[in-house]
Amino acid sequence: MILFLMIFNLFFAQQNLAFNLESKYGNGTNINDLSQQEVPYSYFENLMEVNFSFDNIFLFTQLEYSNSPIYGYDKTLISDLLNTYYIEIYKPNFFAKYGHIQTLYGYGLSVNMFQDQSTDFDNRIKGLEFVYTPIDELEFFILSGSGNYGIKSTGESRFNDLQFNHEINLYGMQFYTKLGNILTSISNAKTEFKSGILNDYLINQPFMSSDTRLSKDLQAYQLELGFSEFNEKANQDSYVNLNSLNVSYSNTLSIFDIYYEKSINTYNKILRKNQDQEGCFDYFSLSTDLLGVNFLYEFKDYNMLYYMPIHSNPPLGYMETSSVLMSRNQHTIDFSDEIGHQFESRFNINNISFVFNLSFGAKHHGVEYNEFDPEEGFITSTYNKVSWYDILTMDFLNEDLVAHKPFRDIYGEFSGWNKSNTFYYKLGLGSQFSYDNISSKNYQSLIIPTQFVYKLANNNSFTIYYESQTLNNLSADVAWDSFFEREKYENNYFSISYNINKFGSISYFFDQEIKNFYNSMNEEISSKNSDWTGFELNFLISSSTQLSIFKGSQKGGLVCANGICAIQPSFEDGVKLTFRSSF
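This brings us to the packing of aromatic side chains. For any pair of aromatic rings, the description rests on two quantities: the centre-to-centre distance and the angle between the ring planes. Scanning all chains against the criterion turns up 42 aromatic pairs. On the numbers, 5.3 Å between centres and 55° between planes, the contact of Tyr267 with Tyr307 is tilted. In this pair, Tyr267 is assigned in strand β15 (residues 256-269) and Tyr307 in the loop between β17 (293-303) and α5 (324-327), connecting sequence segments 40 residues apart. Its relative accessible area of 1% is what places Tyr267 among the buried residues. Judged by relative accessible area, which is 6%, Tyr307 ranks as buried. Arranged with centres 5.1 Å apart and planes meeting at 50°, the rings of Tyr508 and Phe535 form a pair that is tilted. Of this pair, Tyr508 sits in strand β27 (residues 504-518) while Phe535 sits in strand β28 (residues 524-542), and the two are 27 residues apart along the sequence. An aromatic cluster is present here, built from Phe347, Phe354, Phe414, Phe423, Tyr425 and Phe452 joined pairwise through their rings. Cation over ring: Lys152 sits above Tyr71, and NZ or CZ is 5.0 Å from the ring centre. Between the NZ or CZ atom of Arg272 and the centre of the ring of Tyr221, over which it lies, the distance is 4.1 Å.

Structure (structure tokens):
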């Protein structure tokens, strides 16, 4: 018996078991996007993470019970509870993982798989990842598996109603040398387009009626075949195969850190298994610290015009803002058709931190258009190419520029503490220009975000956050020789929080949108003022347990993370509860 107890204690002394629980409840109303009527809106979402480790083995599971979740379908059956799992084994010269694989190679031009529940994004596979390191300077890796990838047919949907089975097999190696680090890999990926997806007019908008090169190509193919033959093809399962060669290089040269990655790809067009198309992803970054000033330059060229990327998520090439108002019209990256630059500088002067960021980009060729020729009939063409100077100036009357759906973000801020570390301040100034004329979203905005924190005795504090934004939506006449501001917005966001040490906080939120509509004569047609207010109590029950209670309304809008965006439903006159605990 004594020997058994000794063995039992020895076993459990080397293991670790941890739980993380997050429960979210909301009950209120929201505004239906089609009817503009107030409808009931509620959710009840529960996620339990279980982490177990013993010696060199790690096991992770995530259980979900949701009725209904914020995004996605209900999970109330026992068979649906196991949301995620994987097991990892570590040894001195190898690493193996089986289950739902979340991984990144290089900067993600070929593989960057993860789950983000805030945007209902999940491009992971269930399979095997194996890494073997025979010597310190050399590493081999293998990735193989399959998964199910979902997207929304419309941005307002709470469900991923378009589902795609996909699989990938990847083999690669990485060299660590004095001349730099080199990573190279080859991979084959397959995406299944199930029968009916492309000719179901209730859900096929992303492929058959959107303004992308992929969609325009499918529309042209439909006209080429005729509706009957196209529907016959679309009513059969079809596959898109992608073969990739990926190479990356990184090194530190004196005071410069450089990184370059290129993915060379060959894939077949949708519904055309024998019609191959070539494309590539390119990314380059250069950073340095010169006289205490940090500089970063990034260049991206993502040219996969007729492909829907699943496994890859390259760098954004622009600053993803934390500003509440700026994020609502944040540029949404197109990982298959975008080219752009980013410049950023950070430095300190007398304990004041400064940040400056400039990012800009556009589509490769602009949208396609049809023009009528009396002799040749309708001719499909693209607009003239534009220069980087055109994108920097963002002249809205340049029709060729607008057709390339350009964006330009400029942001600067300074922040710091006073000498006694009792008062913190952050003030910024941002400008966002983005043109998407097909969607009638030609935005020019100016925003001033601010934040102030004042520390009191006993480590209590006040936090004030205020943003002011002016945003104009432009419209041009038919000849593109003049334009008018058909919509003008004045947006204000304000929050104040009182933080009580070891207890929690109490917060008040105010969100205002003043929207004015104008005609081409610049005469005001109508206006609409909307306010959203709310209170939140946040309780620190213990160092590992937190409860927050929100009462009021919240404005819906765009939520972005890692370049993936989803439309957050509005929440009107309701209650939200969030409980988090680790044990």
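This part takes up the side chain of Ser215. Mapped onto the elements, Ser215 comes out in helix α3 (residues 213-225). Looking at Ser215, its side chain comes within polar contact range of the main-chain oxygen of Ser210, at 3.0 Å.

Bringing the side chain of Asp409 into the picture now. Here Asp409 is to be found in strand β22 (residues 407-417). No salt bridge is formed by the buried Asp409. Its closest oppositely charged neighbour is Arg408, at 7.1 Å. Excluding its chain neighbours within four sequence positions, the residues that come into contact with Asp409 are Gln330, Asn357, Leu358, Ser359, Ser431, Gln432 and Phe433.

In this section: the packing of α3 against helix α4 (residues 227-234). Contact geometry of α3 with α4 gives a least axis separation of 6 Å together with a crossing angle of 120°. Comparing their axes, α4 and α3 come out oblique. Facing α3, whose interface residues are Leu218, Tyr221, Gln222 and Leu225, α4 presents Phe227, Glu229, Phe230 and Lys233. Residue classes in the contact of α3 with α4 are distributed as five nonpolar, one polar and two charged.

Moving on to the confidence of the model for the protein chain. For the protein chain, the average pLDDT comes to 90, and 94% of its residues sit at 70 or higher. Low pLDDT (under 50) marks residues 1-11, which in the prediction has one contact with non-local residues, meaning those over four places away or in another chain.

Quick notes on the rules
Residues numbered from 1 in each chain as written. Predicted model: local features only at pLDDT ≥ 70, side-chain atom pairs only at ≥ 80, totals over all residues. Heavy atoms only, no water. Phe/Tyr/Trp six-rings, centres within 6.5 Å; stacked < 30°, edge-to-face > 60°. Helix = DSSP H or I, 4+ residues; strand = E, 2+ residues; numbered from the N terminus. Buried < 20%, exposed > 50% of the residue type's maximum accessible area, 1.4 Å probe, protein only. Lys NZ or Arg CZ within 6 Å of the ring centre and 35° of its normal. Polar contact = N/O pair within 3.5 Å; in protein donor to acceptor, adjacent residues only side chain to side chain. Lys, Arg positive; Asp, Glu negative; His and termini not counted. Salt bridge = Lys/Arg side-chain N within 4 Å of Asp/Glu carboxyl O. Contact = heavy atoms within 4.5 Å. Axes fitted to C-alpha atoms, helices over the stretch in contact; angles between N-to-C directions. Parallel < 35°, antiparallel > 145°, perpendicular 65-115°, else oblique. Nonpolar A, V, L, I, M, F, W, Y, C, P; charged D, E, K, R; others polar. pLDDT = per-residue confidence, 0-100.

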